[in-house]
Amino acid sequence: MQFVNKHEIKPIIYGNFPIKILPDYSFQPNELAFPLHWHDRFELLLIKQGSLNYYCSNEHIVFNEGDVVIISPKALHSGFAGDNGVVYDVVMFDVDHFFNETTASKSFLKPIHDGNIIFDNKTTNREIINQLSAIVNAYLNQSYYQPLIVLGYVYNLIGLLYTHCSTSSKSATVIEEKFEKVINYINKHFAEDISSSYLSQKFGYEEAYFCRKFKKNTGINVMKYIQVLRMEEAKKMILKSESSIKDIALSCGFSDTAYFTNCFKKLYQMTP
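Note that the structure is a prediction, hence the values are computed from the model and not measured.

Calculation rules
Residues numbered from 1 in each chain as written. Predicted model: local features only at pLDDT ≥ 70, side-chain atom pairs only at ≥ 80, totals over all residues. Heavy atoms only, no water. Buried < 20%, exposed > 50% of the residue type's maximum accessible area, 1.4 Å probe, protein only. Helix = DSSP H or I, 4+ residues; strand = E, 2+ residues; numbered from the N terminus. Pairing = 2+ DSSP bridges. Contact = heavy atoms within 4.5 Å. Axes fitted to C-alpha atoms, helices over the stretch in contact; angles between N-to-C directions. Parallel < 35°, antiparallel > 145°, perpendicular 65-115°, else oblique. Expected span 1.5 Å × (residues − 1). Polar contact = N/O pair within 3.5 Å; in protein donor to acceptor, adjacent residues only side chain to side chain.

### What about the pairing of strand β5 (residues 42-56)?
Counting buried positions along β5 yields twelve of 15 residues, so the element is predominantly enclosed. Bridge count for β5 against strand β7 (residues 68-71) is four bridges, and the pairing is antiparallel. Following the sheet pairing, Leu 44 is matched in β7 by Ile 70. Sheet analysis places β5 next to strand β6 (residues 59-64), joined by six bridges and oriented antiparallel. When the bridges of β6 are listed, Leu 52 appears paired with Phe 63. Hairpin connection between β5 and β6: a loop of two residues separates the two successive antiparallel strands, and Ser 57 in this loop has a positive phi of roughly 50°.

### What about the pairing of strand β4 (residues 32-37)?
Burial analysis of β4 places five of its six residues in the buried class, the great majority of the element. For β4 and strand β8 (residues 77-93), the ladder comprises three bridges, and the chain directions are antiparallel. Residue pairing in the sheet places Phe 34 in a bridge with Gly 79 of β8.

### So, the environment of Gln 146
With respect to the helices and strands, the residue Gln 146 is situated in helix α3 (residues 146-164). Owing to a relative accessible area of 14%, Gln 146 belongs among the buried residues under this scheme. On a C-alpha basis, the gap between Gln 146 and Asn 16 in space is 10.0 Å, while along the polypeptide they are 130 residues apart. Ignoring any residue separated from it by four or fewer positions in sequence, one finds Gln 146 in contact with Phe 17, Ala 138 and Asn 141.

### Things to note about the packing of helix α1 (residues 103-113) against α3
In contact at an axis separation of 12 Å, α1 and α3 are set at 85° when each is read in the N-to-C sense. Here α3 runs roughly perpendicular to α1, going by the angle between their axes. Contacts between α1 and α3 involve Ser 107, Phe 108, Leu 109 and Ile 112 on the former and, on the latter, Tyr 155, Ile 158 and Tyr 162.

### As for unusual backbone geometry
We note that Asp 24 has phi near 55°; this positive angle belongs to a residue other than glycine. Within the secondary structure, Asp 24 sits in strand β3 (residues 20-27). Here the phi dihedral of Asn 30 falls at roughly 65°; this positive angle occurs in a residue that is not glycine. For Asn 30, the location among the structural elements is in the loop between β3 and β4. Residue class for Asn 30 comes out buried when judged on its relative accessible area of 11%.

### Some remarks on helix α7 (residues 222-240)
End to end, α7 covers 28 Å across 19 residues, agreeing with the expected 27 Å (1.5 Å per residue, within 8%). Turning to α7, its buried residues are Val 222, Tyr 225, Ile 226, Val 228, Leu 229, Arg 230, Met 231, Glu 232, Ala 234 and Lys 235. Of the residues that open α7, the one with a side-chain oxygen 2.9 Å from the backbone nitrogen of Met 223 is Asn 221.

### Brief notes about the side chain of Ser 200
With respect to the secondary-structure elements, Ser 200 resides in helix α5 (residues 196-202). According to the relative accessible area criterion, Ser 200 is buried, its value standing at 2%. Look past the residues within four positions of Ser 200 in its chain and what remains in contact with it is Tyr 205, Glu 206, Glu 207 and Phe 210.

Here is the structure:
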């Protein structure tokens with residue numbers, strides 16, 4: 001996927017259906033499931049196996065089998081598979097596709113689309129789970145009338161979210177323009193010799209304040225984020241290149257091969 005300032009810009013192709021389903025998305029233990037980003041659509045993940053470490057707005061939430069992840073529009077978030085990996089279904093849709101001229105639409109749908117209503121990130125409510133399962137089944141067993149049926153399912157799902165998941169009228173955490181530049185810089189230069197001290201000086205912050213602000217914006221510690229980017233790049237290189245482990249470690253920002261090996265084993269439960 002493509003990201004500009006961590007706003008996902010790759011369009012979702014819905015076709016004849018008003019929603020998009022990605023069934024049985026699976027990731028290996030501790031693998032990056034989705035990078036730090038935000039989008040305008042509404043998204044729900046139904047955890048089917050394993051666990052997911054979810055980072056959003058200064059929170060680290062662990063989702064286990066049977067839990068539902070609720071990702072509101074414009075919320076900055078990232079996720080990593082747990083120690084036993086993770087499998088989940090993704091249900092996504094653009095809220096504005098469901099707008100109409102009714103009072104209910106203006107009162108309940110537009111605030112979600114605008115990022116003014118933020119649902120709890122986590123729910124285990126049985127009605128919501130059953131509705132998500134019905135949506136997935138309808139998508140997988142498409143018939144001529146199923147798109148119309150799914151329209152009703154989505155309206156019902158939103159009503160259930162309002163009923164069972166407490167909401168906040170605060171705006172979602174889309175990072176401020178200056179801090180977007182910090183994250184963009186890290187994404188381009190993570191393999192270089194950068195640290196929280198270096199970054200705070202470069203962008204004009206006091207280091208302790210910078211570290212607090214980074215975690216508030218992203219939900220994850222700055223050095224952990226850099227390390228994850230380095231590890232993911234190293235994993236790709238190991239799978240695709242014939243370079244030595246030492247050369248890969250150096251090219252990904254690790255001057256000590258032994259330290260790189262220990263970090264890799266801790267994250268992926270295996271040696272490089």
